[in-house]
Amino acid sequence: MAAAARLGMIWAEAIGGAIGRDGDMPWHLPEDLAHFKRVTIGAPVIMGRRTWDSLPGRFRPLPGRANLVVSRDPAYDAPGAAVVASLEEAVERAGAADARAWVMGGGQLYRAGMPLADELVVTRIDLEVPDADTFAPGIGPEWTLVDPGEPLESRSAIRYRFERWERVPVSV
Ligand code: VY7
């Protein structure tokens, strides 16, 4: 079988697991964007079609990373990215056995990726998001919080922390 990349997932969630509202991330946290870029730079990033659509135009494709967009529509046009039909295909395309690829959203793809991933990088944001419509996946007991991060406060006075979770991977 072809070597597939190892899979991590990275997201930011507010109180109650909110990750999105109306196709957007409903907060302004520049420290999280810098953290996201630092973690993913140089590695393939895998995203659902709606997350691709949500990226600000000047960040599409995300620079310095192979961009893989999962869509059931094989004719979907994502200039600068590769369109693949499933998360499994994205992981295979992402390459070598030792390399890591990152699922970067959104809600549907995080749920699909949970059984395949071996690392989660979660930004926990201390913020209420009324009317959220997209939520982070649940993190089950098979996961270990290997780094709870430290409490941080942004220039915009939002409190947050960067967590890292690991578990023994399931081979695919
Ligand atoms: C949101 C942006 C939104 C608005 C303006 C700039 C964590 C994030 C994601 C995915 C943030 C977004 C940006 C600036 C940096 C760019 C990417 C676009 C880069 C995630 N913790 N945070 N995300 N960005 N999966 N997990 O889509 O981004 O990285 O070069």
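It should be noted that the structure appears before, not after, this text.
Residues numbered from 1 in each chain as written. Predicted model: local features only at pLDDT ≥ 70, side-chain atom pairs only at ≥ 80, totals over all residues. Heavy atoms only, no water.

> Explain the overall build of the protein chain to me, please; I cannot follow it from the model alone.
Each helix and strand counted, the protein chain has four helices and 11 strands in total. Taken over the C-alpha atoms alone, the protein chain extends approximately 45 × 35 × 25 Å along its principal axes. Counting the 172 residues in the protein chain, one finds 45% classified as buried. At a minimum sequence separation of 6, the contacts of the protein chain that also span at least 24 residues come to 65%. (Helix = DSSP H or I, 4+ residues; strand = E, 2+ residues; numbered from the N terminus. Buried < 20%, exposed > 50% of the residue type's maximum accessible area, 1.4 Å probe, protein only. Contact = heavy atoms within 4.5 Å.)

> Please explain the pairing of strand 11 (residues 159–166) as it appears in this structure.
Within a regular strand, side chains alternate between the sheet's two faces. When strand 7 (residues 119–125) meets strand 11, the two strands line up antiparallel, connected through seven bridges. Looking at strand 11, one finds that isoleucine 125 is bridged to tyrosine 160. Bridge analysis of strand 9 (residues 144–147) against strand 11 gives three bridges, and the strand direction is antiparallel. Within strand 11, the position partnered with threonine 144 by the bridge is glutamate 166. (Pairing = 2+ DSSP bridges.)

> I would appreciate a short explanation of unusual backbone geometry in the present structure.
It is generally the case that most residues other than glycine have a negative phi and that most peptide bonds are trans. Backbone torsion omega between arginine 60 and proline 61 reads -5°, so that peptide bond is classified as cis. With respect to the secondary-structure elements, proline 61 resides in the loop between helix 2 (49–54) and strand 4 (67–70). The linkage connecting glycine 105 with the following residue, glycine 106, adopts the cis geometry, with an omega of -5°. Along the chain, glycine 106 falls in the loop between strand 6 (100–103) and helix 4 (107–113). Located in the positive-phi region is aspartate 22, a residue other than glycine, with phi close to 55°. One can find aspartate 22 in the loop between strand 2 (18–20) and helix 1 (30–40). Judged by relative accessible area, aspartate 22 falls into the exposed class, the value being 67%.

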